[in-house]
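# Architecture and fold: a report
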Amino acid sequence: MGEFDRFYSGIYGGRWSGLKAALLEPARKIERLCFGGFSRYVLDAASIHAAEALGVRPGERVLDACAAPGGKTLVLLEALDGNGELVANELSSPRRFRLKQVIEDHVPPSLLGLVSVTAFDANRFGLKKEGYFDRVLLDAPCSSEAHLLSEDPEQRSWKESRTRQLAMRQYSLLCSALLTVKRGGVVLYSTCSISRLENDGVIARVLRRKEGLVRLDQEGQVPEGWERTEHGLQAFPDKIPGVGPIYFSRLVRI
Ligand SMILES: C[S@@+](CC[C@H](N)C(=O)[O-])C[C@H]1O[C@@H](n2cnc3c(N)ncnc32)[C@H](O)[C@@H]1O
């Protein structure tokens with residue numbers, strides 16, 4: 001058994017072989033009608049749920065900190081219902097190009113004025129725009145094991161240091177996101193990883209190091225088939241075939 005299987009069977013025990021097989025199955029995408037039927041966009045049902053869980057309301061200032069290719073951006077913009085401001089940020093220039101295309105192709109012309117695309121390192125938003133946004137979606141770069149396995153099911157060269165390093169990057173991005181929301185503002189942290197280090201582990205570190213500055217918001221129902229983790233909710237494809245994996249956790253700046 002290689003390091004990859006050892007690491008994940010250490011987390012999931014007897015569940016790992018079935019979960020690994022489910023990660024290798026193609027994701028079941030659904031077609032979403034956006035903007036009152038103006039446009040159709042295809043994405044995973046769990047991704048839609050995560051973006052909706054940010055709870056965007058009309059009139060708010062919203063940041064999508066790591067936005068490309070932009071499926072969740074559309075869900076957030078739709079929730080503004082024609083009133084507010086959405087900044088869709090993406091560091092990678094080819095991926096930003098794709099994001100702009102998705103926005104141009106799917107957003108009605110009358111709503112384009114609400115959304116701007118920026119190219120910052122999301123680590124810098126906290127200092128650039130401190131306390132500016134009402135809500136931030138941080139859909140963080142992550143291990144994305146389904147993608148890794150589709151490239152090489154054996155993952156012979158995988159090292160545990162990879163997920164540890166990603167968890168450090170995610171922690172830093174989350175600290176910046178928490179600084180850029182106003183007091184009482186909400187940050188939704190999400191990943192498509194199944195590594196606990198990148199999910200509850202990142203949230204646990206923030207709650208520990210920023211005690212008194214941030215609190216967890218675990219209100220709301222657990223959607224059918226999802227699992228409650230220590231600090232968030234997670235959808236696994238071995239439980240809901242073709243859906244996820246997606247993890248998210250909601251944090252409020254105190
Ligand atoms: C999980 S993907 C986002 C998916 C997107 N939210 C969606 O639903 O279509 C993470 C994105 O973060 C971008 N990214 C990575 N590091 C970044 C950083 N420091 N600042 C901004 N974007 C970053 C990656 O290029 C990638 O496009």
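The notes below deal with the structure included here.

This paragraph deals with the overall build of the protein chain. Of regular secondary structure, the protein chain possesses 9 helices and 11 strands. At 18 Å, the protein chain has a C-alpha radius of gyration in line with the 18 Å of a compact globule built from 254 residues. A principal-axis box enclosing the C-alpha atoms of the protein chain has dimensions of 55 × 40 × 35 Å. Looking at the protein chain residue by residue over its 254 residues, the buried ones come to 44%.

This part takes up helix H1 (residues 3–12). Those residues of H1 that sit buried are Phe 4, Phe 7 and Tyr 8. Projection of H1 onto a plane perpendicular to its axis shows the buried side chains occupying an angular sector of 85°, all on one side. Facing away from the buried side of H1, by more than 90 degrees, are the exposed residues Arg 6 and Gly 10. One or two residues past the end of H1 sits Gly 13, with phi positive at roughly 55°.

Let us look at the packing of helix H8 (residues 160–180) against helix H9 (residues 200–209). It is at 10 Å that the axes of H8 and H9 come closest, and there the two elements cross at 50°. Between H8 and H9, the angle is such that the two are oblique. Considering how the two elements wind past one another, H8 and H9 form a crossing that is right-handed. Facing Ala 167, Gln 170, Tyr 171 and Leu 174 of H8, the residues of H9 in contact are Gly 201, Val 202, Arg 205 and Val 206. Grouping the amino acids of the contact of H8 with H9 by side-chain chemistry returns 5 nonpolar, 2 polar and 1 charged.

Where helix H3 (residues 45–52) meets helix H4 (residues 71–80), the axes come as close as 9 Å, and the angle between the chain directions of the two elements is 45°. With respect to H4, the element H3 is oriented oblique. Pair H3 / H4 crosses with right-handed handedness. Along its contact with H3, which presents Ser 47, Ile 48, Ala 51 and Glu 52, the element H4 presents Gly 71, Lys 72, Val 75 and Leu 76.

Reading guide: rules and limits
Residues numbered from 1 in each chain as written. Predicted model: local features only at pLDDT ≥ 70, side-chain atom pairs only at ≥ 80, totals over all residues. Helix = DSSP H or I, 4+ residues; strand = E, 2+ residues; numbered from the N terminus. Rg over C-alpha atoms; globule rule 2.2 N^0.38 Å. Buried ≥ 20, exposed ≤ 12 C-beta atoms within 10 Å, placed from the backbone. Arc of directions from axis to C-beta. Axes fitted to C-alpha atoms, helices over the stretch in contact; angles between N-to-C directions. Parallel < 35°, antiparallel > 145°, perpendicular 65-115°, else oblique. Left-handed = near helix turned anticlockwise from the far one by under 90°. Contact = placed C-beta atoms within 7 Å. Nonpolar A, V, L, I, M, F, W, Y, C, P; charged D, E, K, R; others polar.

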